[in-house]
Structure formats: structure tokens, C-alpha cells
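Here are the chains, one letter per residue:
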Amino acid sequence: MSTVITHAATEFFGLFTELLVLFVGISFAVALLQVYISPARVKNLLSTPRRGVNGVLGAMLGAITPFCSCSTIPMLSGLIRSGAPFCGVVSFLLTSPVLNPAIITLFIAFFGLKATGIYAAFVFTLAVLTGLLLDGLGFVDAVKPSIQTGCGCGRSAGT
């Protein structure tokens with residue numbers, strides 16, 4: 001019985017330490033990204049003449065930025081206010097919190113490369129298609145121009 005408890009405690013503290021280091025590292029990287037990448041710069045990246053390309057670029061940006069929803073929503077608000085194409089903004093919104101480096105790393109560790117590849121391809125494709133669909137259906141008109149930028153965590157859009 002004692003060895004089971006010792007093994008469980010060892011596993012717990014090992015995972016706790018790994019996740020703590022990962023969380024602190026990602027939080028630091030997010031803070032640096034938010035200092036150097038403004039919503040206007042992202043708008044320029046997403047503004048191409050073709051909606052499909054905008055969707056793919058938005059999904060790619062969401063996939064490489066390690067934002068949680070607390071940072072994604074203010075960034076989204078800044079993108080909308082800066083006039084970024086709606087398709088790219090929606091694709092960014094859908095991929096940012098669910099397809100980022102931290103999640104991919106955890107997926108690989110827990111499920112392997114094949115499952116992670118299927119997950120990433122599915123999320124990426126679904127985000128782009130949803131962005132195209134909502135843009136095509138005119139959902140941009142449903143977005144209020146004066147979106148609140150706060151998320152309750154003390155941050156504001158673009159910071």
C-alpha cells in the first residue's frame with residue numbers, strides 16, 4: 001500500500017513540475033508576443049484579396065500563437081476593431097485556444113503523432129470552413145462595432 005502511495009505522489013509531483021514549467025514558459029511567451037505583435041500587424045497579415053487564403057492565414061496564426069481564451073478574446077476584439085477580414089478573424093478565434101503549441105505538445109505526449117495529426121488537421125480544416133461559411137452568410141453584420149475589450153483578467157486588446 002505504501003509503494004502505491006509513493007508511486008502516485010512521485011507521478012503527481014513529476015507531472016505538476018512539468019506542467020508548471022510549461023505554464024510559466026507559455027505565459028512568458030504570450031506576454032512577449034502581445035508586446036511585439038499588435039492587432040494592426042495581424043490585420044495586415046490577414047488582409048489578402050481571397051477569402052480562402054484569409055481563412056487559412058487566420059487559422060495558421062491561431063495555431064502558432066499560444067493564447068488561452070483570456071488572451072484570444074481581447075486580441076479578437078482588436079482585430080475586429082482594426083478591420084481585419086472576418087473570415088480570418090473567425091478562423092483565428094476557432095484555432096487559437098484549441099490548436100496551439102502547448103496543446104499539440106500535450107497531444108503528442110498523450111496520444112502520439114498519428115492522433116495529433118488527425119486532431120490538428122480536423123480542427124484546422126473545420127476552423128477555415130467555418131470562417132468561410134460565416135463570412136459567406138454575412139455574419140460580419142452581426143458583430144457589434146463597439147465590442148468590449150475586457151475579459152475579466154485585467155488585460156485589454158492588443159496588450
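1. Some details on helix H6 (residues 101-136)
Reasoning step 1: Between the first and last C-alpha of H6 there are merely 30 Å, a value that for 36 residues lags more than 12% behind the 52 Å anticipated at 1.5 Å per step.
Reasoning step 2: The largest bend in H6 amounts to roughly 125 degrees and is located at Phe111.
Reasoning step 3: Buried residues of H6: Ala102, Thr116, Val123, Ala127, Val128, Gly131 and Asp135, and no others.
Reasoning step 4: Its side-chain oxygen 3.1 Å from the backbone nitrogen of Ala102, Asn100 forms the N-cap of H6.
Reasoning step 5: Of the residues one or two after H6, Gly138 is the one with positive phi, at around 80 degrees.

2. Notes on a nonpolar patch on the surface
Reasoning step 1: On the surface, Phe12, Phe13, Phe16, Leu20 and Val24 cluster together into a nonpolar patch covering about 520 Å² of accessible area.
Reasoning step 2: Summarising the element assignment, Phe13 is placed in helix H1 (residues 2-36).
Reasoning step 3: Look at Phe13 and you get exposed, because its relative accessible area is 52%.

3. Regarding the packing of helix H3 (residues 51-64) against H6
Reasoning step 1: Across the interface, H3 lies against H6 with an axial gap of 9 Å and an inter-helix angle of 150 degrees. Relative to H6, the element H3 is oriented roughly antiparallel. Pair H3 / H6 crosses with right-handed handedness. Facing Arg51, Gly52, Gly55, Val56, Ala59, Met60, Ala63 and Ile64 of H3, the residues of H6 in contact are Pro101, Phe124, Val128, Leu132, Asp135 and Gly136.

4. Comments concerning the side chain of Asn100
Reasoning step 1: Secondary-structure assignment places Asn100 in the loop between helix H5 (86-95) and H6.
Reasoning step 2: The buried category is assigned to Asn100, whose relative accessible area is 6%.
Reasoning step 3: A distance of 3.2 Å separates a polar atom in the side chain of Asn100 from the backbone oxygen of Ser96.
Reasoning step 4: A distance of 3.1 Å separates the side chain of Asn100 from the backbone nitrogen of Ala102, its partner in a polar contact.

5. Points about the nonpolar core
Reasoning step 1: Grouped together as the largest cluster of nonpolar side chains are eight residues: Leu46, Leu61, Met75, Leu76, Leu79, Ala84, Val89 and Phe92.
Reasoning step 2: Residue contributions to this core peak at three residues, all from helix H4 (residues 69-82).
Reasoning step 3: Residues in contact with Leu76, not counting those within four places in the same chain, are Val89 and Leu93.

6. Some remarks on the packing of aromatic side chains
The geometry of an aromatic ring pair comes down to the distance between the two centres and the angle between the two planes.
Reasoning step 1: What the rule picks out here adds up to four aromatic pairs.
Reasoning step 2: Relative to Phe16, the ring of Phe12 has its centre 6.1 Å away and its plane inclined at 20 degrees; by these criteria the two rings are stacked. Placement of both Phe12 and Phe16 in helix H1 is noted, with a separation of four residues, approximately one turn of the helix.
Reasoning step 3: In this structure Phe16 comes out as partly exposed when scored by relative accessible area, which is 45%.
Reasoning step 4: Aromatic pair Phe107 and Phe111: ring centres 5.1 Å apart, planes at 50 degrees, arrangement tilted. Taken as a pair, Phe107 and Phe111 lie in helix H6 at a separation of four residues, close to a single helical turn.

7. Remarks on the environment of Phe86
Reasoning step 1: For Phe86, the location among the structural elements is in helix H5.
Reasoning step 2: Residues Phe86 and Gly58 lie 28 residues apart in sequence; the distance between their C-alpha atoms is 9.5 Å.
Reasoning step 3: Ignoring any residue separated from it by four or fewer positions in sequence, one finds Phe86 in contact with Leu134, Asp135, Phe139, Val140 and Val143.

8. Side note on the confidence of the model for the chain
It should be kept in mind that the predicted coordinates are not to be read in detail where pLDDT is low.
Reasoning step 1: Averaged over the chain, the pLDDT score is 79; the fraction of residues at 70 or greater is 78%.
Reasoning step 2: Mean pLDDT values over the elements of the chain span from 69, in helix H2 (residues 39-46), up to 92, in H6.
Reasoning step 3: pLDDT under 50 marks residues 147-159. Its contacts with residues more than four places away, or in other chains, come to 26 contacts.

Procedures and definitions
Residues numbered from 1 in each chain as written. Predicted model: local features only at pLDDT ≥ 70, side-chain atom pairs only at ≥ 80, totals over all residues. Heavy atoms only, no water. Helix = DSSP H or I, 4+ residues; strand = E, 2+ residues; numbered from the N terminus. Expected span 1.5 Å × (residues − 1). Bend = angle between axes of the 7 residues up to and from the residue. Buried < 20%, exposed > 50% of the residue type's maximum accessible area, 1.4 Å probe, protein only. Polar contact = N/O pair within 3.5 Å; in protein donor to acceptor, adjacent residues only side chain to side chain. Patch = residues over 30% accessible without salt bridge, like charges linked within 9 Å, V, L, I, M, F, W, Y side chains within 5 Å. Areas by Shrake-Rupley, 256 points an atom, 1.4 Å probe, with all protein chains shown as cover. Salt bridge = Lys/Arg side-chain N within 4 Å of Asp/Glu carboxyl O. Axes fitted to C-alpha atoms, helices over the stretch in contact; angles between N-to-C directions. Parallel < 35°, antiparallel > 145°, perpendicular 65-115°, else oblique. Left-handed = near helix turned anticlockwise from the far one by under 90°. Contact = heavy atoms within 4.5 Å. Core = buried A, V, L, I, M, F, W, Y, C linked by side-chain atoms within 4.5 Å. Phe/Tyr/Trp six-rings, centres within 6.5 Å; stacked < 30°, edge-to-face > 60°. pLDDT = per-residue confidence, 0-100.

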